[in-house]
Amino acid sequence: MIEVAKRLQNVEEYYFSKKLREVALLKAQGKPIINLGIGSPDLEPPFKASMALQDSLVDEKAHQYQSYQGLPELREEISNFYKRHYTVDLSSQTEVLPLMGSKEGIMHISMAFLNKGDKVLIPNPGYPTYASVTKLLEAKPIYYDLKEKNNWQPDFKALERLDLRRVKIMWINYPHMPTGRNADNKFYDKIIAFGKRHNILIVNDNPYSFILNEKPISIFRYKDAKHVCLELNSLSKTFNMAGWRVGMLVGNYDFVSAVLRVKSNMDSGMFYGIQKGAIEALKCSDMWFQSLNSVYQTRRDLIWQLADNLNCTYDKDATGLFVWAKLPPHIKSEEFTDMVLKEYSIFITPGTVFGSNGEGYVRFSLCADATIIKEAIARV
């Protein structure tokens with residue numbers, strides 16, 4: 001038998017990949033499963049984006065290989081988007097790189113900067129892909145604690161006590177997934193100074209900043225960020241285009257060009273029509289965000305009601321596409337979510353998927369119609 005690579009020995013199949021097979025099996029058996037676990041937007045993309053994709057199919061260059069750096073007009077529109085919504089100036093020529101989803105960017109950044117045995121600072125709780133990519137590249141995850149008592153922000157004194165030798169990358173993610181907490185100005189100043197002091201690349205993963213959040217922030221609003229930071233962003237949540245796989249990496253030329261050296265060896269450019277649609281999405285006015293958040297506000301109010309019925313508590317100041325809820329004392333996350341799935345045919349996510357500090361919490365997704373959430377409330 002041909003053996004798989006040793007690097008796979010420390011990497012498990014993604015939780016949702018496995019769990020959704022279980023959910024699909026229950027559905028096949030006739031169980032009326034309500035899925036409140038996955039953050040896959042169910043709303044329509046901007047109409048102009050869909051029309052631009054459709055109209056592009058007759059363009060003479062539509063089906064050819066595309067530039068590894070994306071269409072110039074897409075990079076320009078990303079730059080305009082950052083200027084308009086974040087008050088951040090970016091060169092579309094040297095500081096913007098379109099990606100086939102920001103998840104791709106996590107791998108490409110890691111491949112560009114990590115050697116075997118290097119270390120990576122990873123939030124606990126946090127997006128599981130940070131750790132799995134680190135392990136795939138035979139680097140070492142170093143988890144830093146995020147806890148409710150610190151508003152889900154790192155303890156900088158604790159960070160300084162860590163052995164930071166060989167730490168090359170630190171992943172941060174605000175608005176934070178899964179907790180929905182935002183970071184304040186003081187945090188960004190501190191994290192940039194921390195990266196400069198220890199020569200660590202700070203990567204801000206920023207796909208949730210427009211969902212139920214009145215003040216979207218980019219790390220590049222802060223002094224010296226371009227010296228030590230990169231930022232990932234995405235159209236998936238902001239414009240309901242998750243399946244389109246459109247993301248972006250922004251930062252200074254040296255960092256972005258290093259990632260491009262990896263990316264250009266792994267794909268042959270994003271499909272032309274998707275780029276044309278992305279351009280139109282990025283041009284959306286503030287009315288788009290107001291309409292989108294009106295829907296999510298209604299859904300979140302209902303999810304709060306569902307959480308109340310399940311005796312969970314939550315932070316009403318949190319933002320983003322999820323509700324992070326605390327369980328009653330002495331109840332384990334996975335036991336609770338298994339019980340809810342068995343008793344009520346409702347799938348929600350245990351907090352432990354995101355790290356050990358997620359024990360005692362669960363995550364509800366807002367990616368379900370209000371009528372479906374009402375049905376979940378009725379069941380409970």
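Scroll up to find the structure.
Just so we're clear, the structure is a prediction, and the values are computed from it rather than from any experiment.

Engineer: Which parts of the structure should I look at to understand the pairing of strand E5 (residues 167-172)?
Structural biologist: Along any regular strand, the residues point their side chains to alternate faces of the sheet. Counting buried positions over the six residues of E5 gives five, a clear majority of the element. One ladder, built from three bridges, connects strand E3 (residues 119-124) with E5; its direction is parallel. By the bridge assignment, Leu 121 is partnered in E5 with Met 170. In the sheet, E5 pairs with strand E6 (residues 201-205) via four bridges, with the strands oriented parallel. Bridged to Ile 169 within E6 is Leu 201.

Engineer: Explain the packing of aromatic side chains here, please?
Structural biologist: Both the distance between ring centres and the angle between the ring planes are used here to describe each pair of aromatic rings. One pass over the structure, following the stated rule, counts 22 aromatic pairs. A centroid spacing of 6.5 Å and a plane angle of 70° characterise the contact between Phe 156 and Phe 194, whose relative ring orientation is edge-to-face. Placement of Phe 156 in helix H6 (residues 156-161) and of Phe 194 in helix H7 (residues 185-198) is noted, with a sequence separation of 38 residues between them. Each member of the pair, Phe 156 as well as Phe 194, is classed as buried. Ring centres 5.0 Å apart and planes at 65° place the aromatic pair Tyr 174 and Phe 187 in the edge-to-face group. With Tyr 174 in the loop between E5 and H7 and Phe 187 in helix H7, the pair connects residues that are 13 residues apart, well separated along the chain. Accessibility assignment for this pair places Tyr 174 and Phe 187 in one class, buried. One aromatic cluster is present, built from ring pairs that chain together Phe 81, Tyr 82, Tyr 86, Phe 210, Phe 239, Trp 288 and Phe 289. Directly above the ring of Phe 322 sits Arg 363, whose terminal nitrogen or CZ lies 3.7 Å from the centroid.

Engineer: Which parts of the structure should I look at to understand a nonpolar patch on the surface?
Structural biologist: Taken together, the side chains of Leu 57, Val 58 and Phe 271 make up a nonpolar region of the molecular surface, amounting to roughly 290 Å² of accessible area. A residue is classified by how much of its surface remains accessible, and Val 58, at 73% relative accessible area, is exposed.

Engineer: For this particular structure, what's the right way to read the sheet that holds strand E12 (residues 349-350)?
Structural biologist: Strand pairing in a sheet relies on backbone hydrogen bonds. The paired strands run either parallel or antiparallel. Spatially, four strands are ordered E9-E10-E13-E12 in an open sheet, and the strand pairing comes out antiparallel. Two strands lie at the open edges of the sheet, namely strand E9 (313-314) and E12, each paired on one side alone. Summarising the sheet, E12 and strand E13 (residues 361-365) pair through two bridges and their orientation is antiparallel. Across the sheet, residue Pro 350 finds its bridge partner in E13, namely Val 362. Contacting E9, strand E10 (322-326) and E13, helix H11 (residues 286-309) runs over the sheet at an angle of about 145° to E13.

Engineer: Please clarify how a positive patch on the surface should be interpreted in this entry.
Structural biologist: Taken together, the side chains of Lys 157, Arg 161, Lys 186 and Lys 190 define a basic patch exposed on the protein surface. Of all the secondary structure elements, the ones that give two or more residues to the positive patch are H6 and H7. By the element assignment, Arg 161 lies in helix H6.

Engineer: I keep staring at the environment of Tyr 253 and nothing clicks. Help me out?
Structural biologist: The topology assignment puts Tyr 253 in helix H9 (residues 253-263). The spacing of Tyr 253 and Gly 30 is 223 residues in sequence and 54 Å in space, taken between C-alpha atoms. Dropping the residues within four chain positions of it, Tyr 253 is found in contact with Thr 94 and Glu 95.

Engineer: Explain the sheet that holds strand E2 (residues 96-99) here, please?
Structural biologist: Read from one edge of the open sheet, seven strands run E2-E8-E7-E6-E5-E3-E4, paired in mixed fashion. Of all the strands in the sheet, the pair left with one neighbour each is E2 and strand E4 (140-145). On average, each strand axis in the sheet is tilted by 25° relative to the strand beside it, whichever way the strands run. Two elements, E3 and E4, share six bridges in a ladder whose sense is parallel. What sits directly across from Asn 124, in E4, is Asp 145. In the packing of helix H3 (residues 72-86) onto the sheet, contacts are made with E2, strand E7 (229-234) and strand E8 (247-251), and the angle to E2 comes to roughly 110°. Of the strands in this sheet, E2, E6, E7 and E8 are in contact with H9, which crosses E2 at around 30°.

Rules used throughout
- Residues numbered from 1 in each chain as written.
- Predicted model: local features only at pLDDT ≥ 70, side-chain atom pairs only at ≥ 80, totals over all residues.
- Heavy atoms only, no water.
- Buried < 20%, exposed > 50% of the residue type's maximum accessible area, 1.4 Å probe, protein only.
- Helix = DSSP H or I, 4+ residues; strand = E, 2+ residues; numbered from the N terminus.
- Pairing = 2+ DSSP bridges.
- Phe/Tyr/Trp six-rings, centres within 6.5 Å; stacked < 30°, edge-to-face > 60°.
- Lys NZ or Arg CZ within 6 Å of the ring centre and 35° of its normal.
- Patch = residues over 30% accessible without salt bridge, like charges linked within 9 Å, V, L, I, M, F, W, Y side chains within 5 Å.
- Areas by Shrake-Rupley, 256 points an atom, 1.4 Å probe, with all protein chains shown as cover.
- Salt bridge = Lys/Arg side-chain N within 4 Å of Asp/Glu carboxyl O.
- Contact = heavy atoms within 4.5 Å.
- Axes fitted to C-alpha atoms, helices over the stretch in contact; angles between N-to-C directions.
- Lys, Arg positive; Asp, Glu negative; His and termini not counted.
- Charge placed at Lys NZ, Arg CZ, Asp CG, Glu CD.

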